[in-house]
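# Summary of the model geometry
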Amino acid sequence: MFENLSERLSGVFDRLTKQGALSEDDVRTAMREVRVALLEADVSLPVARDFVKAVTAKATGAAVTKSVTPGQQVIKIVHDELINTLSGEGDPGELKIDNPPAPILMVGLQGSGKTTTTAKLAKRLTEREGKRVLMASLDVNRPAAMEQLAILGTQIGVQTLPIVKGETPVQIAKRAKQQATLGGFDVYMLDTAGRLSIDEQLMAEVEAVRDVANPRETLLVVDGLTGQDAVHTAENFDGQIGITGVVLTRMDGDGRGGAALSMRAITGKPIRFVGLGEKMDAIETFEPSRIADRILG
Ligand code: GDP
């Protein structure tokens with residue numbers, strides 16, 4: 001396996017014993033290692049380049065005190081800059097759900113973990129915030145997906161909109177809103193249909209649902225292990241639908257987390273939650289420092 005970045009940087013700086021300030025040469029050598037580490041963590045090339053540029057500017061001339069080695073000093077600068085790049089404004093875990101019933105639109109490709117994430121978030125809102133949540137599946141082409149949401153709902157004690165055959169996604173969205181209003185729900189979550197890849201029909205369908213639901217949050221669920229593909233997916237969905245945040249799933253896998261950095265840098269949209277397993281509790285608010293640690297190795 002790869003050496004982690006911390007080890008690599010220590011190696012680079014082992015030869016340097018001087019204290020004082022980091023020279024341009026020191027920094028240049030270190031940045032080669034940083035770039036390789038970022039690319040190995042599946043950060044996209046342009047993002048890695050920009051990141052290295054930003055860190056170079058900060059590291060050159062930075063003071064190295066007696067208490068740290070030059071290697072440790074560069075690691076700290078890289079770590080801080082990773083957190084800086086990954087952080088959005090405010091608390092990523094705070095969903096806009098005032099003015100009940102607040103619609104939350106869940107979008108993403110099939111297999112990304114969208115239905116699982118819908119249920120995980122519904123459970124979280126119910127248990128942590130005491131909200132009354134209604135979930136509805138809009139996947140009219142896959143009855144199994146609708147069943148899956150209903151089963152998860154029963155499992156976590158969250159109501160799902162009864163399944164009515166022959167409705168369009170827009171009709172289901174309208175019915176969900178009606179039931180959520182009449183039933184005094186705080187939130188209704190619309191689990192839209194996924195496709196294996198982005199196509200016009202998928203986007204047109206999701207757009208139509210967005211227009212009737214007028215969601216407070218539109219969360220894109222993407223598989224964190226798909227790296228650069230996840231970023232392309234996010235660019236597409238954001239361009240066509242407009243998303244308010246991203247949920248990265250399968251972060252319990254052995255990916256290095258680079259997708260998170262590219263995602264934030266390229267789309268400018270905040271990562272709100274990370275999925276950490278199949279269980280209904282396996283979701284956490286996104287924490288930049290965890291991803292930074294993971295990228296640094
Ligand atoms: P959808 O087609 O996007 O609705 O995807 P599903 O919600 O049906 O999820 C597909 C599979 O991925 C299921 O077996 C889930 O249990 C699994 N899954 C979802 N999120 C995670 C996660 O964060 N980690 C892991 N390991 N598996 C997940």
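Report follows, based on the coordinates. Computed from a predicted structure; not experimentally measured.

What follows concerns the overall build of the protein chain. What the protein chain contains, in helices and strands, is eleven helices and ten strands. On the principal axes, the C-alpha backbone points of the protein chain span a range of 75 × 40 × 30 Å. Residues counted as buried form 50% of the 297 residues belonging to the protein chain. Considering only contacts in the protein chain between residues 6 or more positions apart, those separated by 24 or more positions represent 77%. In the form shown here, the protein chain has an accessible surface area of approximately 13700 Å², with 50% of it arising from carbon and sulfur atoms. Measuring between centres, the 35 positive side-chain charges of the protein chain sit 2 Å from its 40 negative side-chain charges.

In this chain, Pro 100 is followed by Pro 101 through a cis amide linkage whose omega measures -5°. Note that Pro 101 resides in the loop between helix 4 (70-86) and strand 3 (102-108). You will see that Asn 99, though not glycine, has its phi angle at about 50°, which is positive. Take Asn 99: it is sitting in the loop between helix 4 and strand 3. Looking at Asn 99, the relative accessible area reads 61%, which means it is exposed. Phi at Arg 250 is positive, roughly 60°, even though this residue is not glycine. Note that Arg 250 resides in the loop between strand 8 (245-249) and helix 10 (258-267). On the basis of relative accessibility, which here comes to 34%, the residue Arg 250 falls in the partly exposed class.

Moving on, we get to the packing of aromatic side chains. Enumeration according to the criterion identifies zero aromatic pairs in this entry. Over the aromatic face of Phe 185 sits the side chain of Arg 132, whose NZ or CZ is 4.3 Å from the ring centroid.

What follows concerns the environment of Gln 148. By the secondary structure assignment, Gln 148 is in helix 6 (residues 143-156). Apart from residues no more than four positions distant in its own chain, Gln 148 is found in contact with Thr 115 and Thr 116.

Membership of the largest hydrophobic core comes to 62 residues, with the highest contact counts inside it found for Leu 38, Leu 82, Leu 190, Phe 237 and Leu 248. In this structure, Leu 248 is in contact with Val 222, Gly 224, Ala 260, Met 263, Ile 271, Phe 273, Val 274 and Gly 275, ignoring residues within four places of it in sequence. Leu 95, Ala 102, Ile 104 and Phe 273 belong to the second largest nonpolar core, which has 23 residues in total.

By the element assignment, Val 52 lies in helix 3 (residues 45-59). Accessibility expressed as a relative area gives 11% for Val 52, which makes it buried. Residues Val 52 and Arg 35, 17 residues apart in the sequence, show an inter-C-alpha distance of 6.6 Å.

On to the site of the ligand. Taken together, 18 residues surround the ligand, and among them Gly 111, Lys 114, Thr 116, Arg 250 and Asp 252 come closest. Within the backbone of Gly 113, one N or O atom sits 2.9 Å away from an oxygen atom of the ligand. Protein chains shield 82% of the accessible area of the ligand, which is 580 Å² for the free molecule. Per-element tally for the shell around the ligand: the top contributor is helix 5 (residues 114-129), with four residues. For the shell around the ligand, the per-class residue count stands at two nonpolar, ten polar and six charged.

Where helix 8 (residues 200-213) meets helix 9 (residues 228-240), the axes come as close as 10 Å, and the angle between the chain directions of the two elements is 45°. Taken together, the axes of helix 8 and helix 9 are oblique relative to one another. For the crossing formed where helix 8 meets helix 9, the hand is right-handed. Contact residues: Leu 202, Met 203, Glu 207 and Arg 210 in helix 8; Asn 236, Phe 237 and Gln 240 in helix 9. Of the residues in the contact of helix 8 with helix 9, the class split is three nonpolar, two polar and two charged.

Here is what the cut-offs are and how they apply
- Each chain carries its own residue numbering, running from 1 in the direction its sequence is written.
- For a predicted model such as this one, the threshold for reporting local features is a pLDDT of at least 70, and the threshold for listing and counting side-chain atom pairs is 80 or more; totals across whole chains, interfaces and linings nevertheless cover every residue.
- No hydrogens and no water enter the side-chain calculation; it runs on all heavy atoms of the structure.
- The helix count covers DSSP runs of H or I at least four residues long, the strand count covers runs of E at least two residues long, and both are numbered beginning at the N terminus.
- Each residue's exposure class comes from its accessible area (1.4 Å probe, protein chains only) as a fraction of the maximum for that residue type: buried when under 20%, exposed when over 50%, partly exposed otherwise.
- Any pair of residues with heavy atoms lying within 4.5 Å of one another is described as a contacting pair.
- Where accessible areas are quoted, they stem from the Shrake-Rupley method and a 1.4 Å probe; at the residue level, only the protein chains shown are allowed to cover.
- When charges are counted, neither His nor the chain ends are considered; positive counts come from Lys and Arg and negative counts from Asp and Glu.
- In this description, the location of a charge corresponds to atom NZ of lysine, CZ of arginine, CG of aspartate or CD of glutamate.
- Two rings belonging to Phe, Tyr or Trp (six-membered ring only in the last case) form a pair when the distance between their centres is within 6.5 Å. Interplanar angles under 30 degrees mark stacking, angles over 60 mark edge-to-face geometry, and anything in between is tilted.
- Criterion for a charge above a ring: Lys NZ or Arg CZ within 6 Å of the ring centre, and within 35 degrees of the ring normal.
- Residues grouped as a nonpolar core are buried Ala, Val, Leu, Ile, Met, Phe, Trp, Tyr and Cys residues, joined through side-chain atoms within 4.5 Å.
- We call a residue near a molecule or strand when any one of its heavy atoms sits within 4 Å of it.
- Pairs of N or O atoms within 3.5 Å make up the polar contacts considered here, provided that, within protein, one atom can donate a hydrogen while the other can accept it, and that residues adjacent in sequence are counted only when both atoms are side-chain atoms.
- Three categories are distinguished: nonpolar for Ala, Val, Leu, Ile, Met, Phe, Trp, Tyr, Cys and Pro, charged for Asp, Glu, Lys and Arg, and polar for the others, with Gly belonging to the last.
- Fitted lines through C-alpha atoms give the axes, limited to the stretch in contact for helices. The angle between two N-to-C directions lies from 0 to 180 degrees.
- Note on terminology: angles under 35 degrees are roughly parallel, angles over 145 are roughly antiparallel, angles of 65 to 115 are roughly perpendicular, and the others are oblique.
- Handedness of a crossing is defined here by the sense of rotation of the near helix relative to the far one, left-handed for an anticlockwise turn of less than a right angle and right-handed for a clockwise turn.

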